[in-house]
Structure formats: C-alpha cells, structure tokens
Amino acid sequence: MKRFWSWAAIAFGAIYFLLPLIGTIEFSLRMRRGEYSLDAYASVLADPNFRATFGYSVVMALLTILLGVLIVVPTAYWVRLRLPRLRPVIEFITLLPLVIPAIVVVFGYIRLYNTSSVLPLTGTATGTNILLLCGYAMLALPYMYRAVDTGLSTLDVRALTEAAQSLGAGWVGIIGRLILPNVLGAVMSGAFLSFAIVIGEFTMAALLNRPAFGPYMQLLGANRAYEPAALAVIAFGVTWGCMGLLQLISRLLGVRKTAT
Amino acid sequence: MSFLVLDHLRKSFGPTRVVDDFSLSVDKGEFISFLGPSGCGKTTVLRMVAGFEAPSDGRILIDGQDVTRLRPNQRQIGMVFQAYALFPNLTVAGNVGFGLRVAGVPRAARADRVAEMLALIGLPDLGGRYPWQLSGGQQQRVALARALAPSPRVLLLDEPLSALDAKIRLSLRNQIRDIQQQLGITTIFVTHDQEEALSISDRIVVMHRGIADQTGTPSDIYNHPATGFVAGFVGTLNRFSAEVVDPVAGHVRVEGADIALGRLLPPGRVTLAARPESLKVAPEGIPARITGVEFLGSVHRLRARAGGAELVLDRFNAPGEALPRPGDHVRISAAPAAWLVLPE
Ligand SMILES: Nc1ncnc2c1ncn2[C@@H]1O[C@H](COP(=O)(O)OP(=O)(O)O)[C@@H](O)[C@H]1O
Ligand SMILES: [Mg+2]
C-alpha cells in the first residue's frame with residue numbers, strides 16, 4: 001500500500017511537470033498546418049532580435065557570476081574567519097532578495113540613480129547596464145552565498161589561513177590560491193544558478209529598458225502564437241543544459257575534493 | 001645576544017589573563033619545548049611568536065629585529081599545526097612549494113627545493129599525491145617540509161604529534177629532532193607530554209597558568225624542579241610531609257624515621273619528595289607496607305603505603321633478586337642527594 005502511494009506521488013509529480021512541457025513542445029511543432037515541423041524554431045533562431053537579446057543576457061549572466069564571485073567569496077570567507085558571530089546576520093541579508101520583490105528594488109534603483117541624482121547611472125546605456133548588473137548580482141546573492149558558504153564549511157578556514165600566512169601569503173594570495181580553488185565546486189553551482197536566473201529575468205531588464213532575453217520572450221509571447229512556445233522550449237533547454245554542466249563540472253572537481 | 005627573545009609577554013582575552021610576564025631567550029639552533037597541562041597558555045605564546053595573536057604587552061625579537069608589530073606573513077616563521085592544515089587542493093609537492101611560490105621562486109629552483117625537502121622527510125616519491133591520500137604521520141611530515149621549505153628563521157610546532165598513534169609519535173619525534181639538528185634551526189615545540197619534552201629538547205619551559213614556572217635542561221627540570229608544580233608535573237613523585245628537626249645539619253623526621261639530608265633547610269615543616277627510581281627498600285628508613293608489585297619489563301614497580309601517602313618505587317629488573325610481596329612491612333629510603341625538598 002505504501003509502495004502504491006509513493007508511486008502515485010511520483011506519477012502525479014511527473015504529470016504535473018511533464019504535461020505542460022509536452023504540451024508546449026507539441027504546440028511549438030505545429031506551426032505548419034497539418035504536420036509537425038521545426039518552422040517555429042527556424043523562425044525564432046532567424047530573428048536577429050533573438051540573437052541580440054540572448055547574446056546580451058549571456059554576457060550579462062557571465063558578468064553577474066564574475067561580480068558575484070568577487071563579492072561573495074571574500075565576504076563569506078571573512079565572515080567565517082573573523083566574524084563568525086555575524087554569520088546569521090549575513091545569511092539573513094543574503095536572503096533578502098528572495099523576500100523583496102525585484103520590482104521594489106528596481107524602482108529604488110531608478111529613484112536613487114536617475115538623471116538628476118548624484119550618480120546618474122540611468123542617464124547612459126553603460127550606466128544602466130552597470131545598474132542592471134548590480135541588480136542581477138543581488139538577485140543571485142542568496143544562491144551564490146549559500147553555495148560558497150557550504151563550500152567553506154568543509155574547510156578548516158582558520159587553520160588553512162594561518163598556515164598560508166606563516167608561509168608568507170597575503171590576503172589576495174590566500175583567497176586566490178587557497179580559498180577560491182577549494183570552493184570552486186561550490187562556486188560553480190552558485191554560478192549556474194545565477195546563470196539560469198539572469199537568462200530568464202524580466203522585471204529588472206524591462207523596467208531599466210535593456211535589450212535582454214526576458215523582455216524579448218515577453219514581447220514575442222504577446223505578438224506571436226507558435227514562436228513563444230519554441231522559445232520557451234529553447235529557454236528550458238538552456239536552463240537544463242546549465243544544470244547538466246553544473247553536475248558535470250562539480251563531479252570533475254569532486255575528484256579532488258577532500259575527505260578530511 | 002640571543003636569536004629569539006620573548007620579552008615580558010602578556011596576553012589577556014577580555015578580563016582573563018592567559019599569559020603573564022613570559023620571558024625567554026633562545027639561542028640560535030636551540031630546541032626549546034613548552035611543557036604544561038592543557039589550557040596553561042602554551043599555544044597562546046606560540047601564536048604570539050607566529051603573529052596570530054598580538055601581545056597585550058611585551059616584545060618579541062628575532063635576530064635583533066623587533067617583530068612584535070609585524071604581520072605573520074612578514075615574520076619568516078615556519079609553523080606546524082596539530083591538525084596538519086595541509087592545503088587540500090594542492091598535491092604534496094604543491095603544499096611543500098607553496099611558500100616558495102608565494103615568494104616568487106622560479107619553477108625550476110622550486111622543484112629542486114621541494115625534492116630536497118621531500119627527501120629530508122623521507123617521502124621522496126609522494127610529491128604527486130594529495131593530502132587525503134596520506135596517513136596522519138605522512139601528512140604531518142609533509143607539513144613539516146612545507147614549513148621548512150622557505151628556510152624560516154624560527155620553526156614553531158604546536159603539539160604536532162598529539163593526533164598520531166603511539167608508535168608513529170615516537171618515530172616522528174626522533175625524526176623532528178634529527179631534522180632540526182641537521183638544519184640547525186631554532187625551534188619551539190609545544191607539548192603536554194613530559195616524556196616527549198624530556199627526550200628531544202635542549203631546554204624545557206614548564207608552564208603553569210600562563211607563567212613560566214621553570215626553564216632549564218631536561219635533567220635540570222627532572223632532577224632539580226624549582227617548584228612543587230614542576231616536580232609534580234614532570235615525572236612521578238612520591239611526597240612525604242616532613243618535620244625539620246635540625247635546619248642547620250639538615251635533619252628531618254618522617255613518619256617517626258630520622259632522615260639526614262646534609263643540607264641547609266628552612267625551619268618548620270617541608271615536603272620531602274623523591275622519584276620512583278630513587279626510593280629503595282632498605283634496612284633503615286620510613287616504615288611502609290607493600291600494596292602491590294607490577295612487572296613492567298625493564299623495571300618492577302612496587303606500590304606501597306606509608307602513613308597517608310601512596311608510594312611508587314621502580315626497581316631495575318634483576319633476575320634472581322628477591323622482591324618484597326604485597327603485605328610485607330618494609331622500610332624505605334633514598335640517597336640524601338636524591339631527596340627533593342619542596343615548600344610545604
Ligand atoms: N581566542 C581566545 N579567546 C578567549 N580565550 C582564549 C582564546 N584562546 C585561548 N584562550 C584561553 O586561553 C587559555 C590558554 O589557552 P592555550 O594557549 O590554547 O592553552 P594550551 O595551548 O596550553 O592548552 C585557555 O584557558 C583558553 O581557553
Ligand atoms: Mg594548545
């Protein structure tokens with residue numbers, strides 16, 4: 001009986017997740033009347049806007065990861081090394097992006113950095129890109145911080161730091177040569193989650209009026225029938241590709257992961 | 001001028017004073033042990049020398065240079081930790097070469113030095129392994145090689161053998177001493193194990209509640225303990241409460257027996273003490289009753305009771321010689337010079 005219910009739960013879950021996906025895929029193949037075809041995909045891939053927005057979002061995602069690593073790794077390291085009592089506070093702060101809606105944050109940004117402010121970032125495209133990058137890094141913060149902090153928890157941060165210091169290493173050397181390589185697996189999992197978030201992000205990009213993939217998907221969805229379905233499948237594939245890559249890389253790095 | 005000078009070091013954590021007025025001068029190439037019970041401040045002194053803790057007061061000089069305010073990575077001090085602290089992402093060779101890489105030593109010179117160090121610790125073929133592929137003893141030897149590779153001015157070891165099992169502990173401590181003498185490196189070795197300290201040190205600092213109770217050679221510390229604490233902590237000690245009968249001639253009375261010490265004594269009562277190997281069963285002396293006999297190979301250990309005191313006597317194993325049996329009433333004494341006189 002117990003077996004039956006666990007199978008039923010699995011089946012229900014599978015239907016819940018798979019049916020819409022199968023429906024979307026099926027629909028995306030029906031652009032040509034009367035037969036299945038990849039016409040919708042061809043149409044999407046041929047659209048220069050697709051390539052431009054997707055490229056933009058990929059670049060933004062990579063920059064977000066870079067910024068996230070630069071902020072999170074030293075911070076999480078320092079908190080563990082010198083401010084262990086502040087860890088719950090920092091953890092709470094990093095969770096805020098999950099609680100505060102992106103729309104609130106972006107309106108805050110626009111108010112703070114508008115053209116009549118001290119730092120008029122929204123006045124130029126570059127400035128707005130920077131602002132969006134900061135927003136993305138903040139959105140990714142909960143995932144990045146958790147991943148890195150978990151990675152650090154497997155290390156005796158203090159002993160390793162002191163060993164490196166006595167060997168002459170400074171802070172940059174310690175973080176670059178010791179801490180970062182040892183949490184690389186964790187950084188990777190944070191990085192791919194960040195990637196997935198940035199690729200699909202809509203609110204911030206739309207309100208800051210940047211040519212990102214999220215607003216493009218929305219625009220296409222409002223104006224076409226079959227292409228949005230194809231686009232959704234592509235976006236889904238990209239996200240899952242990221243997850244797979246994540247598994248692969250952490251497994252490759254896992255070979256060198258330490259026991260004690 | 002001593003090579004390493006600790007000058008009136010003090011350290012408090014909040015209101016608790018952990019190290020108090022700690023002074024020590026170490027000659028170049030000397031092997032010093034800090035010996036004391038857990039929590040007496042050994043690690044704290046060591047960490048101040050390494051630069052991981054700032055002294056609340058006092059100075060640290062290395063080779064005449066005041067390093068008290070220098071950061072740890074500027075002190076050129078090698079450190080070996082109890083928990084090894086090897087870098088898990090680097091191979092053995094990477095670990096040993098880490099300090100050289102930080103110092104910008106070119107790759108070829110680095111490889112030579114790493115090979116030299118691995119040969120020194122007797123693991124010439126393990127350069128390509130990762131730390132988790134090594135045993136504890138091997139890891140600690142790699143940690144030693146890593147600390148020595150950049151040719152530090154001083155080597156600090158904080159209970160490096162405590163995490164290892166007895167056999168490895170013994171062989172590694174001899175290896176540490178050999179390497180230290182081969183390189184002539186000034187070394188401070190922290191331990192709570194008196195046998196370890198006695199066997200490998202040039203001098204021992206016995207610490208007690210943040211204070212250096214006595215500093216001296218192993219035989220000094222063992223044979224002429226300066227305080228009751230040192231006497232009790234280093235080696236086993238039999239204590240008797242004694243009444244000074246004649247302070248000038250050095251006569252005392254213990255449990256009704258007269259003992260002549262032949263040296264000047266303070267008047268009143270003192271504690272008379274002797275090591276297990278100094279006490280003998282004799283025709284004259286303190287009356288005692290044998291309570292047990294243990295055979296430990298090279299010695300027979302006799303347990304006895306005299307008045308309220310539990311005694312331990314070690315006697316070299318001499319086959320054929322008659323031993324007292326449990327329940328026997330005997331008399332116990334020691335050579336006059338073997339008696340330690342401690343304040344009551
Ligand atoms: N960072 C610290 N903060 C507060 N107390 C400490 C700190 N480090 C050590 N102590 C205290 O100082 C005392 C001496 O510690 P330690 O030097 O580690 O002793 P030992 O190495 O001889 O065992 C202990 O009572 C310990 O609790
Ligand atoms: Mg200690």
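Residues numbered from 1 in each chain as written. Chains lettered and ligands numbered in written order. Predicted model: local features only at pLDDT ≥ 70, side-chain atom pairs only at ≥ 80, totals over all residues. Heavy atoms only, no water.

(A) Spotlight on the UniProt feature "domain: ABC transporter" (unreviewed entry) in chain B. The feature "domain: ABC transporter" (unreviewed entry), as annotated in UniProt, sits at residues 4-234 of chain B in this numbering. Between the end C-alpha atoms of residues 4-234 of chain B there is a gap of 25 Å, over a span that is 36% helix and 26% strand. (UniProt positions renumbered as here; feature names shortened; annotations may be inferred. Helix = DSSP H or I, 4+ residues; strand = E, 2+ residues; numbered from the N terminus.)

(B) Structural detail: the UniProt feature "transmembrane region" (unreviewed entry) in chain A. All names here are of chain A. UniProt annotation of "transmembrane region" (unreviewed entry) refers to residues 7-29, 54-77, 89-110, 160-180, 186-208 and 229-249 when read in the numbering used here. Helix makes up 87% of residues 186-208 and strand 0%, whereas the separation of the span's terminal C-alpha atoms amounts to 31 Å. Counting secondary structure, residues 229-249 comes out at 100% helix and 0% strand; the distance between its end C-alpha atoms is 30 Å.

(C) Expanded view of the UniProt feature "domain: ABC transmembrane type-1" (unreviewed entry) in chain A. The sites that UniProt annotates as "domain: ABC transmembrane type-1" (unreviewed entry) are residues 54-247 of chain A. With 81% helix and 0% strand, residues 54-247 of chain A has end C-alpha atoms that lie 23 Å from one another.

(D) Local environment of helix 4 (residues 136-148) of chain B. With 13 residues, helix 4 of chain B should reach 18 Å at 1.5 Å per residue; the first-to-last C-alpha distance of 18 Å fits that figure. Helix 4 of chain B sits mainly inside the fold: 12 of its 13 residues count as buried. Among all positions in helix 4 of chain B, only B:Gly137, B:Gln138, B:Gln139, B:Gln140, B:Arg141, B:Val142, B:Ala143, B:Leu144, B:Ala145, B:Arg146, B:Ala147 and B:Leu148 are buried. Of the surrounding elements, those touching the buried residues of helix 4 of chain B are helix 7 (157-166) of chain A together with strand 6 (77-80), helix 2 (92-102), helix 3 (107-120), strand 7 (154-158) and helix 5 (166-183) of chain B. (Expected span 1.5 Å × (residues − 1). Buried < 20%, exposed > 50% of the residue type's maximum accessible area, 1.4 Å probe, protein only. Contact = heavy atoms within 4.5 Å.)

(E) Looking closely at the packing of aromatic side chains. Evaluated as defined, the whole model comprises 17 aromatic pairs over all chains. With 5.5 Å between their ring centres and 10° between their planes, A:Phe50 and A:Phe54 make a pair best called stacked. Placement of the pair is A:Phe50 and A:Phe54 together in helix 3 (residues 48-82), with a separation of 4 residues, close to one helical turn. On the numbers, 6.2 Å between centres and 65° between planes, the contact of A:Tyr109 with A:Tyr113 is edge-to-face. Positioned over the ring face of B:Phe87 is B:Arg146, at 4.5 Å from the centre of the ring. Here B:Arg275 stacks its cationic end above the ring of B:Tyr222, 4.0 Å away from the centre of that ring. (Phe/Tyr/Trp six-rings, centres within 6.5 Å; stacked < 30°, edge-to-face > 60°. Lys NZ or Arg CZ within 6 Å of the ring centre and 35° of its normal.)

(F) Layout of the sheet that holds strand 2 (residues 16-26) of chain B. Residue and element names in this part refer to chain B. Taken in spatial order, the 4 strands line up as 2-1-4-5 in an open sheet, and their pairing is antiparallel. Unpaired on one side and paired on the other, strand 2 and strand 5 (65-66) mark the two borders of the sheet. Pairing of strand 4 (residues 57-62) with strand 5 involves 2 bridges; the strand directions are antiparallel. From the neighbouring strand, leucine 61 faces strand 5, where its bridge partner is aspartate 66. Where helix 1 (residues 42-50) meets the sheet, its contacts fall on strand 1 (4-13), strand 2 and strand 4, and the angle it forms with strand 1 comes to roughly 120°. (Pairing = 2+ DSSP bridges. Axes fitted to C-alpha atoms, helices over the stretch in contact; angles between N-to-C directions.)

(G) Structural detail: unusual backbone geometry. All names here are of chain B. Even without being glycine, serine 151 reaches a positive phi, approximately 50°. Relative to the assigned elements, serine 151 resides in the loop between helix 4 and strand 7. The residue glutamate 159 is not glycine, and still its phi comes out positive at about 45°. Its location among the elements puts glutamate 159 in the loop between strand 7 and helix 5. Accessibility expressed as a relative area gives 10% for glutamate 159, which makes it buried.

(H) A look at the site of ligand 1. All names here are of chain B. For ligand 1, the full set of nearby residues is Phe13, Val18, Pro37, Ser38, Gly39, Cys40, Gly41, Lys42, Thr43 and Thr44. Between ligand 1 and glycine 41 there is a distance of 3.1 Å, counted from an oxygen atom to a backbone nitrogen or oxygen. Taking threonine 44, its side chain carries an N or O atom lying 2.5 Å from an oxygen atom of ligand 1. For the shell around ligand 1, the residue count by class is 4 nonpolar, 5 polar and 1 charged. (Near = heavy atom within 4 Å. Polar contact = N/O pair within 3.5 Å; in protein donor to acceptor, adjacent residues only side chain to side chain. Nonpolar A, V, L, I, M, F, W, Y, C, P; charged D, E, K, R; others polar.)

(I) The pairing of strand 14 (residues 269-274) of chain B, seen in detail. All names here are of chain B. Of all 6 residues in strand 14, 5 are buried; the element is thus mostly enclosed. Here strand 11 (residues 238-246) pairs with strand 14 via 6 bridges, running antiparallel. Looking at strand 14, one finds that phenylalanine 240 is bridged to leucine 272. Bridge count for strand 14 against strand 20 (residues 340-343) is 4 bridges, and the pairing is antiparallel. Residue pairing across strands places threonine 271 opposite leucine 342, the latter belonging to strand 20.

(J) Just the pattern of salt bridges, in detail. Residue and element names in this part refer to chain A. Here the structure, examined in full by the defined rule, presents 25 salt bridges over all chains. Taking the shortest distance from any N to any O, the salt bridge between glutamate 35 and arginine 32 comes out at 3.8 Å. For glutamate 35, a relative accessible area of 43% gives the class partly exposed. With a closest N to O distance of 2.9 Å, aspartate 39 and arginine 32 form a salt bridge. Within this structure, Arg80, Arg87, Glu91, Arg146 and Asp149 form a network of salt bridges that share partners. (Salt bridge = Lys/Arg side-chain N within 4 Å of Asp/Glu carboxyl O.)

(K) Representation of the domain arrangement of chain B in the model. Residue and element names in this part refer to chain B. Its domain assignment divides chain B into domain 1 (4-233) and domain 2 (238-343). Here the C-alpha centroids of domain 1 and domain 2 sit 39 Å apart. In this assembly, 8 residues from domain 1 lie in contact with 5 residues from domain 2. Taking both sides of the interface into account, the surface hidden between domain 1 and domain 2 amounts to around 530 Å²; carbon and sulfur atoms contribute 48%. By the criterion of area lost to domain 2, the three top residues of domain 1 are Tyr222, Gly228 and Ala231, representing 69% of everything that side buries. At the surface where domain 1 touches domain 2, the tally comes to 0 salt bridges. Inspection of the domain 1/domain 2 interface yields 4 residue pairs in polar contact (both at pLDDT 80 or more). Elements that contribute at least two residues to the side of domain 1 that touches domain 2 include exactly helix 7 (218-223) and helix 8 (228-233). (Domains from an automatic or database assignment. Buried area = accessible area lost by both parts, 1.4 Å probe.)

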